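# Per-entry structural report
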Amino acid sequence: WLTALALLAGAPGLARLVAYEADLPRAAHLAGNIADHAGERGQAVADALPPLGQLGLDRIDLLRTEDAARIMADAPALTAGGTLVAATLDLRRELVPGRPHPAETLAAWCAAYGGLVTFDRRGAPLPAADASGLAVALEAALDSPERRVEVFLGPAGWVERYAG
């Protein structure tokens, strides 16, 4: 959630942060962080993210989620609206019997959204346009103590658009 708070800090004044967290202790912690750092521009909801059509928002510029299934299920609506998705690939959740290999998950996300970017330790973007780029994202998850990596999914060229 720190990523979302940081992006909100640089967003135009009309931007709002609405955070859904189904785990009640995490929701309480999140609500405190949002109150401290986002003030009136942020809101924490102690519930799972509802279907996008039920949010009552005209648009969603950024969606941050750790729900791999929702990332794929919501891809058509999110790509149509030009939403940038901050997704977490958590190897502890993904490396279980019956789930796709994490490399397959990253490839599916990249194909569904048109682009996938992660960042190196210095914060430089690492676009993943092919198998070698996806391997870099997977290696970043393997190298992290938490065995997870945050990636951004969006249309090709968004890094240049937002960095420029």
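Residues numbered from 1 in each chain as written. Predicted model: local features only at pLDDT ≥ 70, side-chain atom pairs only at ≥ 80, totals over all residues. Heavy atoms only, no water.

### Let's talk about the overall build of the protein
Per the secondary structure count, the protein includes 8 helices and 7 strands. At 16 Å, the protein has a C-alpha radius of gyration in line with the 15 Å of a compact globule built from 164 residues. Seen along its three principal axes, the alpha-carbon backbone of the protein occupies a region of about 40 × 40 × 35 Å. For the protein, the residues scored as buried account for 38% of the 164 residues in total. Long-range contacts, defined as pairs at least 24 residues apart, comprise 59% of the intrachain contacts of the protein with a sequence gap of at least 6. A total accessible area of about 9,300 Å² is found for the protein, and carbon and sulfur atoms account for 57% of it. Here the protein contributes 14 positive and 20 negative side-chain charges, whose respective centroids are spaced 2 Å apart. (Helix = DSSP H or I, 4+ residues; strand = E, 2+ residues; numbered from the N terminus. Rg over C-alpha atoms; globule rule 2.2 N^0.38 Å. Buried < 20%, exposed > 50% of the residue type's maximum accessible area, 1.4 Å probe, protein only. Contact = heavy atoms within 4.5 Å. Areas by Shrake-Rupley, 256 points an atom, 1.4 Å probe, with all protein chains shown as cover. Lys, Arg positive; Asp, Glu negative; His and termini not counted. Charge placed at Lys NZ, Arg CZ, Asp CG, Glu CD.)

### Points about the layout of surface pockets
Volume-wise, the second largest pocket comes out at about 360 Å³. Residue assignment for the lining of the second largest pocket shows that the elements contributing at least two residues are β5 (116-119), α7 (131-143) and β7 (148-153). Counted by class, the lining of the second largest pocket contains 7 nonpolar, 2 polar and 7 charged residues. (1 Å grid on protein atoms, 1.4 Å probe; cavity = no way out; pocket = protein on both sides within 12 Å on 5 of 7 lines; lining within 4 Å. Points joined across faces, edges and corners; volume = space filled by probe spheres on them. Nonpolar A, V, L, I, M, F, W, Y, C, P; charged D, E, K, R; others polar.)

### Some words on helix α2 (residues 24-37)
An ideal rise of 1.5 Å per residue puts 20 Å on 14 residues; α2 measures up with 20 Å between its terminal C-alpha atoms. Sitting at the amino-terminal end of α2 is D23, which places a side-chain oxygen 3.0 Å from the backbone nitrogen of R26. Just beyond α2, the residue with positive phi is G39, at close to 55 degrees. (Expected span 1.5 Å × (residues − 1). Polar contact = N/O pair within 3.5 Å; in protein donor to acceptor, adjacent residues only side chain to side chain.)

### So, the pairing of β5
With 2 bridges joining them, β5 and β7 adopt antiparallel strand pairing. Note that in β7 the partner of V117 across the bridge is F152. As paired elements, β5 and strand β6 (residues 125-127) share 3 bridges and run antiparallel to each other. From the neighbouring strand, T118 faces β6, where its bridge partner is L126. Taken together, β5 and the strand that follows it, β6, pair antiparallel across an intervening segment of 5 residues, in which G123 is found at a positive phi of about 95 degrees. (Pairing = 2+ DSSP bridges.)

### A short note on the sheet that holds β6
The strand order across the open sheet built from 5 strands is β3-β4-β7-β5-β6, with neighbouring strands paired in mixed fashion. Since the sheet does not close on itself, it has two edges, and those belong to β3 (62-65) and β6, each with one partner. For this sheet, the mean inter-axis angle between neighbouring strands, taken without regard to orientation, is 30 degrees. Pairing of β3 with strand β4 (residues 84-90), which is carried by 4 bridges, proceeds in the parallel orientation. Directly across from R64, in β4, lies its bridge partner A86. (Axes fitted to C-alpha atoms, helices over the stretch in contact; angles between N-to-C directions.)

### Observations regarding the pairing of β4
Of all 7 residues making up β4, 7 are buried, and the element is well covered by its neighbours. Burial of the side chains of β4 extends over both faces: L84, A86, T88 and D90 are buried on one face and V85, A87 and L89 on the other. The sheet contact formed by β4 and β7 spans 6 bridges and is antiparallel. Looking across to β7, one finds that V85 is bridged to L153.

### Overview of the side chain of T118
Structurally, T118 is set in strand β5. Here the side chain of T118 touches E150 through a polar contact of 3.1 Å, landing on its backbone oxygen. When sequence neighbours within four positions are dropped, the list of residues in contact with T118 reads A124, P125, L126, A137, V149, E150 and V151.

Nothing here speaks to function; it is all geometry.
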